[in-house]
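Structural features, examined
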Amino acid sequence: MKNSIAPYQLGFSATHQEGEFDGLPVQGTIPQWLRGSLIRTGPGTLEVGKQSYHHWFDGLAMLRKFSFENGKVSFANRFLESQAYQEAKAKGKISRGEFGTTARHSLWERLSDPLPRLTDNATVNITMQGDRVASVTESPFPIVFDPETLRTIEQFSYHDRVPGQITTAHPHYDFKEDALYSYLTNLVPTCSYSLYRMNLHSNQRELVGSIPVKRPAYMHTFAMTEHYIVLVEFPLLLNRLSLMLSGKPYIENYEWKPEQGTRFLVISKDEGKVVHAAKSEAFFGFHHVNAFEQEDEIVVDLIAYSNSSVIQSLYLETLLHHPMQAIGAGELRRYHVSLNQSIAEYEVLTSEPLELPRINYQRCNTHSYQFAYGVGNSRPGNFIDQLVKVDVQNKTTEIWRSLDCYPGEPVFVAAPNATLEDEGVVLSVVLNAQKENSFLLVLDAQSWRELARVQLSYHLTFDFHGQYFDPTASTQHLHR
Ligand SMILES: [Fe+2]
């Protein structure tokens, strides 16, 4: 029996308008020092013609940008014109398979096209690729766009041959090396994880190391410390034969194997070799929060779920019609990976559910830190309905919540010349389900007071990740 329709359902319906708008109405005051742009990506529609995508992660990407100058705010949004988007528009139907949606329904389609074409529907995150700004997903085809106009330019091409077909939309930045670290998963036997680094002004990836793996795991992100990359391999393992032949959506070809536990692979950034491996009880996660070295251990903070059912819970059928079964947030855990022990143990840092975590990345990534920001959930069946600031050292929290409002990822922006870790603002795009529009919320990160709401005249489909671009920065580092 179906439960009632979800109160937040508007967030999973298409954004019907594209455009550019200056001088948006502001309630409250935007800090004068905020002079840059928040650019985000996420689905702009979850339908093509009469077909629907099945999973929140599948919809066709739309870029959104809020720009700040002298306390005024302008906004623009535009669909990303990937191949997947262009084909879907031309054919009037879903053209490429996505995370939870297949485009190969019949046996004939599967036999004539045994290896599914990878999508370039870059709907997950915004990153720098070399000197260029791109929207990215988990296939290695970043789509470069003009950050001024949001016009799609082209697919980014790498001048190298690092093997792999699947990647992460969450690379890390090493500010000392001025380089990006990431990995590709090579699904061709013998399967491997190809770790690479790429200078910020280059389009050539350098292979750091290749880690052989029998059955690759589904991993959305990874952790990085000063000297190490940490791959946390959840026991959600690929069935290659199924991927080739089943015709099932991509993620449904992975199998949950809890008896294998979760593996922490500690890999040296210098040599690309596994220097330590530890195990814990089985758990699953999408997002790492931060990681750092501390005496003879590595501290890995992440958002954990007891199993991979969170993936099933984010199918639209569940989100829209069975809201009590939808899981919007997980548990913030601190894993201690001792370099002398084979078992990784954890502590829970807050009882508040958390997801889409951010930190003061430029200052704190790879270091001990105090504050994490994320979305959360105040009650079952209400998806993501609050913002949470966690003091991970004192284990205290601050909450922002507003009636019938559903916030997205909180992006921290440091104030100029800030001395404190939380000196700055937090920006979050919020759906107001009652007023049927979205607004940009500006919070004072330190006091957790609301500074301003910037109103749009229409709603934006729930998105995933974005980055703040500071025009005064000498080098455009992103906060991840
Ligand atoms: Fe993500």
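Here, the structure is the one placed above.
Please read these numbers as outputs of a predicted model, since none were measured by experiment. (Residues numbered from 1 in each chain as written. Predicted model: local features only at pLDDT ≥ 70, side-chain atom pairs only at ≥ 80, totals over all residues.)

What follows concerns the sheet that holds strand 30 (residues 396-400). Read from one edge of the open sheet, four strands run 27-28-29-30, paired in antiparallel fashion. If you trace the sheet from one side to the other, it starts and ends with strand 27 (355-358) and strand 30, each paired once. Shown here is a sheet whose adjacent strand axes are inclined to one another by a mean of 20°, direction ignored. When strand 27 meets strand 28 (residues 371-376), the two strands line up antiparallel, connected through two bridges. Looking at the pairing, Glu 355 lines up with Val 375 of strand 28. (Pairing = 2+ DSSP bridges. Helix = DSSP H or I, 4+ residues; strand = E, 2+ residues; numbered from the N terminus. Axes fitted to C-alpha atoms, helices over the stretch in contact; angles between N-to-C directions.)

Before going further, it helps to examine helix 1 (residues 83-91). Looking at helix 1, one finds that the buried residues are Ala 84, Tyr 85 and Ala 88. Looking down the long axis of helix 1, one finds its buried residues gathered within 100° of arc, a one-sided arrangement. Facing away from the buried side of helix 1, by more than 90 degrees, are the exposed residues Ala 90 and Lys 91. Elements that come into contact with the buried residues of helix 1 comprise strand 4 (47-48), strand 6 (60-69) and strand 7 (72-79). Looking one or two residues beyond helix 1, the residue adopting positive phi is Gly 92, at roughly 70°. (Buried ≥ 20, exposed ≤ 12 C-beta atoms within 10 Å, placed from the backbone. Arc of directions from axis to C-beta. Contact = placed C-beta atoms within 7 Å.)

A few words on the environment of Leu 302. Tracing the backbone through its elements, the reader meets Leu 302 in strand 24 (residues 297-304). Judged by the 24 C-beta atoms lying within 10 Å of it, Leu 302 falls in the buried class. Each C-alpha atom, one on Leu 302 and one on Arg 64, is 27 Å from the other, the two residues being 238 residues apart in sequence. If we skip the residues at most four places from it in the chain, Leu 302 touches Val 232, Gly 285, His 287, His 288, Val 289 and Arg 333.

Residue Pro 189 is joined to Thr 190 through a cis peptide bond whose omega torsion reads -5°. Position of Thr 190 among the secondary structure elements: in the loop between strand 14 (179-186) and strand 15 (192-199). Phi at Phe 383 is positive, roughly 50°, even though this residue is not glycine. On the basis of neighbour count, Phe 383 is assigned to the buried category, with 22 C-beta atoms found within 10 Å. Within the chain, Trp 448 stands out as a residue other than glycine whose phi angle is a positive 65°.

Here we come to the sheet that holds strand 10 (residues 143-145). The four strands are arranged 8-9-10-11 in an open sheet whose pairing can be described as antiparallel. Looking along the sheet, the strands with just one partner apiece sit at the ends: strand 8 (125-129) and strand 11 (152-155). On average, each strand axis in the sheet is inclined to that of its neighbour by 40°, with strand direction left out of account. In this sheet, strand 9 (residues 132-136) lies alongside strand 8 in antiparallel orientation, the contact comprising five bridges. Residue pairing for strand 9: Gln 129 is matched across the bridge by Arg 132.

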